[in-house]
Amino acid sequence: MSEVNNEVPRKRNLIEEESLYPKVEEFNPLLKNTGATPTSLIVAILKNARIGQDLTSFDTPTNLLSGRSCLEKLGDAYKPTETLFELFKETDSEKRMLLVIKHILENFTTFVANSVSHYKPFNPILGEQLFMHWEAPDGSIFKFVAEQVSHHPPISALVIENEKHKFKSNITLGSKITFKGNSVEATFRGYRCISLPHPTTGEMEHYELDGDSTTGTGIIIGSARFGFTSTMTVKCREHPELIGTVKFSDVSKVKGKLKAKSSEKSKKFDKKPYRFTGDLLKTITLEDTAQKKKTPWIVMANINHFQKKMPQLIEMGPLESRIVWHDVFYGIVKNDQDLATKHKHYVENKQRAKRKERKEKGETWTPLMFNQQSESPNGILPYFEINEVGIKKLNEIKDKQKEEMDVDEDDLD
């Protein structure tokens, strides 16, 4: 049984309301006339949260929401950059590993720099979906597909794919947000595997990432800042002689190295051909240790992210993020917090009712677009991979779902 949210509790004009969405990426509750202030954020947390409490399901007032779903936020965080095209051409194994790390760090700069990230997104409902894509300069397309595969605990399954370059990034991500008194700690753990062919041999290589966490500080005293405070490792299945490590500190500070074994017989990574250090919000410098040469490696101001494109609202199915949360978003943008709150509670209550119904019937929900794999590569979370059959099935039933999207206004009471 799959989760279905076929109800639209407000008369919509999706064609006209489409124009509201370009504003969402700049939408910051504390900079708009929503009645939200730093004080109201503090009061909302203090009134409803306890130190050590898991805030994943925290009932955030709508005037403090970021205006987009967590799935869309994740899509923006993992967007491709021009560095991938260097990776597609590079033949040297050490430099390929280095470019993978560079691409990952470029993703992280987006998260730290984006002010929208400082506010709580909509919690995805079970089975919520997101489709979007990016057009690359060479005309190829990076497709993004996401589904919320678990609600308690929250787990999102994502895939980014470029068919022309045979590139795929599989991501399974779980989240936990904890109130720390003067800070909020958001921990994201899971598994990410970037796969692509070697440009010379054509053999597939798989780069595995483990370990990333974000922490918000200064929520009550000082300014709100979000960044990374953990250690990340990157490995390649086909090149076990290489490993990349990255250590994050003080929100946006980064230092790391690419380590290698000097020979097949070496038990330790006794070579460090590259080191890097810097700030995600400014510049990260790369040192070639053999040549003792330092050069600017990642300059945030120079990163070229591709522009995302999403289907129009009228083309979306009822489980796609912007349709699920459209009425809440509409209320936020129109500064009608009563309307936004009313529809937020409507969406959440329908999910609770469906969860109760499944429990009473003894039914188990299964994802439509992703299959859970038998083993987790790192033992942290269940791992999911894209189910192409499920996506075809989704396209077949989407038109039928749209026909069922009207509901009586009385259902809101």
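Above this text you will find the structure in question.
The notes below deal with the structure included here. Small disclaimer: the values here were computed from a predicted structure and weren't measured. Every chain is numbered on its own, with residues counted from 1 as its sequence reads. The predicted origin of the model limits local features to residues at a pLDDT of at least 70 and limits the giving and counting of side-chain atom pairs to 80 or more, whereas totals for whole chains, interfaces and linings rest on all residues. Side-chain numbers come from the whole structure's heavy atoms, not from hydrogens or water.

Overview of the overall build of the chain
Thinking step 1. Secondary structure elements follow DSSP: runs of H or I no shorter than four residues count as helices, runs of E no shorter than two count as strands, and numbering proceeds from the N terminus. A count of helical and extended segments in the chain gives 9 helices and 19 strands.
Thinking step 2. By residue count, 54% of the 413 residues in the chain fall in the buried class.
Thinking step 3. Note on contacts: a residue pair qualifies if any of its non-hydrogen atoms lie within 4.5 Å across the two residues. Taking as baseline every contact in the chain between residues at least 6 positions apart, the subset at least 24 positions apart corresponds to 60%. Throughout this description, buried means an accessible area under 20% of the type-specific maximum (1.4 Å probe, protein chains only), exposed means over 50%, and partly exposed covers the range between.

Describing the nonpolar core
Thinking step 1. Only buried residues count toward a nonpolar core, which is a set of Ala, Val, Leu, Ile, Met, Phe, Trp, Tyr and Cys residues joined through side-chain atoms within 4.5 Å. Grouped together as the largest cluster of nonpolar side chains are 61 residues, with contacts concentrated most on L105, F142, F276 and W297.
Thinking step 2. With 8 residues, the top contributor of residues to this core is helix α5 (residues 93-113).
Thinking step 3. Residue contacts for W297: discarding those within four places in its chain leaves L98, I101, K102, L105, F276, I284, T285 and L286.
Thinking step 4. If you look at the next biggest cluster of nonpolar residues, it comprises 14 residues, including F131, I155, F370 and I386.

Side note on the state of the cysteines
Thinking step 1. A pair of sulfur atoms, both from cysteines and within 2.5 Å, is called a disulfide here. By the definition in use, this model includes 0 disulfides.
Thinking step 2. There is no disulfide at C236, and the cysteine sulfur nearest it, in C193, is 9.0 Å away.
Thinking step 3. Of the residues examined, C236 reaches a relative accessible area of 4% and is grouped as buried.

Regarding the pairing of strand β16 (residues 293-299)
Thinking step 1. When DSSP finds two or more bridges between a pair of strands, those strands are recorded as paired. Across 6 bridges, the pairing between strand β15 (residues 283-288) and β16 is antiparallel. By the bridge assignment, T285 is partnered in β16 with P296.
Thinking step 2. Linking β15 back to β16 in an antiparallel pair, the connection comprises 4 residues, with K292 at a positive phi of about 50°.

A few points about the pattern of salt bridges
Thinking step 1. Think of a salt bridge as a Lys or Arg side-chain nitrogen and an Asp or Glu carboxyl oxygen that are within 4 Å of each other. Per the counting criterion, the structure on display carries 14 salt bridges.
Thinking step 2. The salt bridge partner of K143 is E163, with a shortest N-O separation of 3.8 Å. Pair noted here: K143 is in strand β4 (residues 141-150) and E163 is in the loop between β5 (155-162) and β6 (167-179), with a separation of 20 residues, a long-range link.
Thinking step 3. On the accessibility criterion, K143 (44% relative accessible area) is partly exposed.
Thinking step 4. Residue classification places E163 among the exposed positions, given a relative accessible area of 58%.

What to know about the packing of aromatic side chains
Thinking step 1. When the centres of two rings from Phe, Tyr and Trp lie within 6.5 Å, Trp using its six-membered ring, the rings pair. Their planes under 30 degrees apart give stacked, over 60 give edge-to-face, and anything left gives tilted. Within the structure shown, the criterion is met by 12 aromatic pairs.
Thinking step 2. When the ring of F142 is compared with that of F167, the centres are 5.8 Å apart and the planes differ by 75°; the resulting orientation is edge-to-face. Of this pair, F142 sits in strand β4 while F167 sits in strand β6, placing them 25 residues apart in sequence. F167 matches F142 in its accessibility class, with the two residues each being buried.
Thinking step 3. A connected cluster of aromatic rings, assembled from ring pairs, spans F85, F88, F142, F167 and F306.

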